[in-house]
Amino acid sequence: MTGGKLRTSDFDYHLPPEAIAQHPGERGESRLLVLGRTTEDRRFADLPDLLDPGDLLVVNDTRVIPARLRARRPTGGRVEILLVEREGPASWWCLLRPGRRLSPGAPLAVEGGPAARVEERNDGRFRLTFERPIEPLLQEIGETPLPPYIDRPVEPRDRERYQTIYAARPGAVAAPTAGLHFTPTLLEALERRGVRRASVTLHVGPGTFRPVKAENPEAHVMDSERFEIPEATAEAVAAARRSGRRVVAVGTTVVRTLETAASTDGLVAAGAGRTGLYIRPGYEFRIVDRLITNFHLPRSTLLMLVCAFAGRRRTLDAYRQAVGSGFRFYSYGDAMLLDRMR
């Protein structure tokens, strides 16, 4: 940090490779680092005791699609396709790896599926047209798009485990991982506690894993993602505000969705849209009071959001404590519960 201006390197920390969770644990059995006035090492199953009756828990009900496909070029070379966003019945924006030599007009033979053709290339993404709609075939030929730091082959149980139990609306290519910890039993316990629940939808894209490469964080551009806020959720936020109850976001995607739709009077507008909201220290939160989230990559926009929410030094101190205490990191890892810095 120079002259009071934050650099990307100010959001760095050391993480031993063995701390990156390569396999999921049992749902609800994760550890939970609680960062409030003090720091507590708890279990995720303790969450009902850590929330108050009347608190509003907001979840992201997006559903991960089997978005990874295998294909070959006419030369026989292998290409990995990651579907990112549907543009039409048979047209998708995708990431291709390797994609350096692919230009508009290039054909691809999708393993087990219809042929495809590159239509255009824009800022590292490719628009593909398939001979027929690919979406009905994904459950059969697509793979679960695990993040790049999970360094192992996809396993059959990932299809279910890399999905929240309340996932309902297909469209994400990455899971809202803070929600992976919930079980039906835990949701029932929260309901008995008097904690209300509402949902938003934000279809998580691959940009969630994109590191901030510029040393000046302001030079980074967030990927735009689709979201929707139901009228019932907007009303639930308004009711929580009227009664002085807290809004608890399950994941950074919920934070970005609610804050995108926030008004100056602390309410949320229902509706659908896109968000490229980039939250970093200095941002003034209007809606979210508490945050449940996993541990995030160094130098990432997700870590910057958490630092904006709970304080940079406080957050990074908690991360160092978590590393030293053997917490598991990233998508299949453990979780945190943070109070917003006032």
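Residues numbered from 1 in each chain as written. Predicted model: local features only at pLDDT ≥ 70, side-chain atom pairs only at ≥ 80, totals over all residues. Heavy atoms only, no water.

Asks: How do you make sense of empty space enclosed by the protein when you look at a structure like this?
Replies: Over the atoms a probe the size of a water molecule is rolled, and this reveals where empty space is left. One pass over the structure, following the stated rule, counts three cavities of 30 Å³ or more. Estimated volume of the largest cavity: approximately 220 Å³. The wall of the largest cavity is formed by 20 residues, among which Ala175, Thr177, Thr208, His296 and Leu302 lie closest to the centre. Contributions of two or more residues to the lining of the largest cavity are made by α6 (252–260) and β16 (290–294). (1 Å grid on protein atoms, 1.4 Å probe; cavity = no way out; pocket = protein on both sides within 12 Å on 5 of 7 lines; lining within 4 Å. Points joined across faces, edges and corners; volume = space filled by probe spheres on them. Helix = DSSP H or I, 4+ residues; strand = E, 2+ residues; numbered from the N terminus.)

Asks: Could you clarify how one ought to interpret the sheet that holds strand β13 (residues 225–229) in this entry?
Replies: Within a beta sheet, neighbouring strands are joined by backbone hydrogen bonds and run either parallel or antiparallel to one another. Taken in spatial order, the nine strands line up as β2-β1-β17-β16-β14-β3-β12-β13-β15 in an open sheet, and their pairing is mixed. Single-partner strands in this sheet number two, and they are β2 (39–43) and β15 (271–275). Strand-to-strand twist across the sheet, computed as the mean angle between neighbouring axes with direction ignored, equals 25 degrees. Two strands pair when backbone bridges link them, and β13 and β15 are joined in this way by five bridges, in the antiparallel orientation. Along β15, the bridge assignment pairs Phe227 with Gly273. Of the strands in this sheet, β3 (56–60), β12 (196–202), β13, β14 (247–250), β15 and β16 touch α6, which is tilted by about 85 degrees from β12. Relative to the sheet, helix α8 (residues 312–324) contacts β1 (31–35), β2, β16 and β17 (335–339), its axis offset from that of β1 by approximately 150 degrees. (Pairing = 2+ DSSP bridges. Axes fitted to C-alpha atoms, helices over the stretch in contact; angles between N-to-C directions. Contact = heavy atoms within 4.5 Å.)

Asks: Explanation requested: the sheet that holds strand β10 (residues 125–130) in the structure shown.
Replies: Read around the closed barrel, six strands run β5-β6-β7-β10-β9-β8, paired in antiparallel fashion. When strand polarity is set aside, the average angle formed by the axes of neighbouring strands in this sheet is 45 degrees. For strand β6 (residues 78–88) and strand β7 (residues 91–97), the ladder comprises seven bridges, and the chain directions are antiparallel. Bridge assignment links Leu82 to a residue of β7, and that residue is Leu95.

Asks: Honestly, the packing of aromatic side chains in this entry has me stumped. Any pointers?
Replies: Applying the stated criterion to the full structure yields 13 aromatic pairs. Arranged with centres 5.2 Å apart and planes meeting at 85 degrees, the rings of Phe285 and Phe309 form a pair that is edge-to-face. Taken together, the residues span a long stretch of sequence, with Phe285 in the loop between β15 and β16 and Phe309 in helix α7 (residues 301–310) at a distance of 24 residues. Note on accessibility: Phe285 and Phe309 belong to one class, buried. The ring of Phe327 is capped by Arg31, whose NZ or CZ atom sits 3.9 Å from the centre of that ring. (Phe/Tyr/Trp six-rings, centres within 6.5 Å; stacked < 30°, edge-to-face > 60°. Buried < 20%, exposed > 50% of the residue type's maximum accessible area, 1.4 Å probe, protein only. Lys NZ or Arg CZ within 6 Å of the ring centre and 35° of its normal.)

Asks: What's the story with α7 in this structure? I'm lost.
Replies: In an α-helix, one turn spans 3.6 residues; hence positions three or four apart end up facing the same way. The element α7 is extensively covered by neighbouring structure, given that 10 of its 10 residues are classed as buried. Within α7 the residues assigned to the buried category are Thr301, Leu302, Leu303, Met304, Leu305, Val306, Cys307, Ala308, Phe309 and Ala310. Tucked into the core, α7 has its buried residues touching β1, α6, β16, α8 and β17. Once α7 ends, the next one or two residues include Gly311, with phi positive near 100 degrees.

Asks: Help me out: how do you make sense of helix α4 (residues 184–193) in this one?
Replies: For α4, the complete set of buried residues consists of Leu186, Leu187, Ala189 and Leu190. All buried residues of α4 fall inside an arc of 160 degrees around its axis, so they share one side. When the buried face of α4 is taken as reference, the exposed residues oriented beyond 90 degrees from it are Thr185, Glu191 and Arg192. Residues of α4 that are buried make contact with α1 (47–50), β3 and β12. Phi for Gly194, located one or two positions after α4, is positive at around 95 degrees. (Arc of directions from axis to C-beta.)

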